[in-house]
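Close look at the chain arrangement
Below, each chain spelled out in residue letters.
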Amino acid sequence: MSVNSMPRCDYPGCDEDGTTISRLSPEGYLVATGKKAYSFHEAYRRFHYCAKCHSDLMSNVWNRVRTPDDKDDDHVAPTAI
């Protein structure tokens, strides 16, 4: 393995090159590292995905966000806290 090799896609079962860096876990959630960080940017773990897996993951996240399920007028957006 060479020093400059591309990381593999973190999506389970995928062996493609992980060309896209994302803060979303394979389950579609932001994952904190739990380590002391100096900024928001450093506070979350980074994952590598191939273009297809990242696109599929983002589609699943947006579908989940847009689904009305248990949301009503009293639902507080995560960004409001």
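Residues numbered from 1 in each chain as written. Predicted model: local features only at pLDDT ≥ 70, side-chain atom pairs only at ≥ 80, totals over all residues. Heavy atoms only, no water.

Attention shifts here to the overall build of the chain. Regarding its fold elements, the chain presents two helices and two strands. Put simply, the chain runs from its N terminus to its C terminus through helices and strands in the order β-α-β-α. Residue pairs at least 24 apart in sequence account for 52% of intrachain contacts in the chain once pairs closer than 6 positions are excluded. (Helix = DSSP H or I, 4+ residues; strand = E, 2+ residues; numbered from the N terminus. Contact = heavy atoms within 4.5 Å.)

What follows deals with the nonpolar core. Side chains of a nonpolar character, in soluble globular proteins, are inclined to be buried together. Cys-9, Cys-14, Leu-24, Phe-47, Tyr-49, Cys-50, Cys-53, Leu-57 and Val-61 form the largest nonpolar core, which has nine residues in total. Of all the elements in the fold, those that place two or more residues in this core are β2 (47-49) and α2 (51-66). Of the residues forming this core, the biggest block, three residues, is contributed by α2. Excluding its chain neighbours within four sequence positions, the residues that come into contact with Leu-57 are Leu-24, Ser-25, Pro-26, Glu-27, Gly-28 and Tyr-49. (Core = buried A, V, L, I, M, F, W, Y, C linked by side-chain atoms within 4.5 Å. Buried < 20%, exposed > 50% of the residue type's maximum accessible area, 1.4 Å probe, protein only.)

The next subject is the packing of aromatic side chains. Inspection of every chain in the model, using the stated rule, returns one aromatic pair. Between the aromatic rings of Phe-47 and Tyr-49, the centroid separation amounts to 6.3 Å while the plane-to-plane angle is 20°, which identifies the pairing as stacked. Assessed through its relative accessible area of 3%, Phe-47 is described here as buried. Sitting over the face of the ring of Tyr-29, Arg-64 holds its NZ or CZ atom 4.5 Å from the ring centroid. (Phe/Tyr/Trp six-rings, centres within 6.5 Å; stacked < 30°, edge-to-face > 60°. Lys NZ or Arg CZ within 6 Å of the ring centre and 35° of its normal.)

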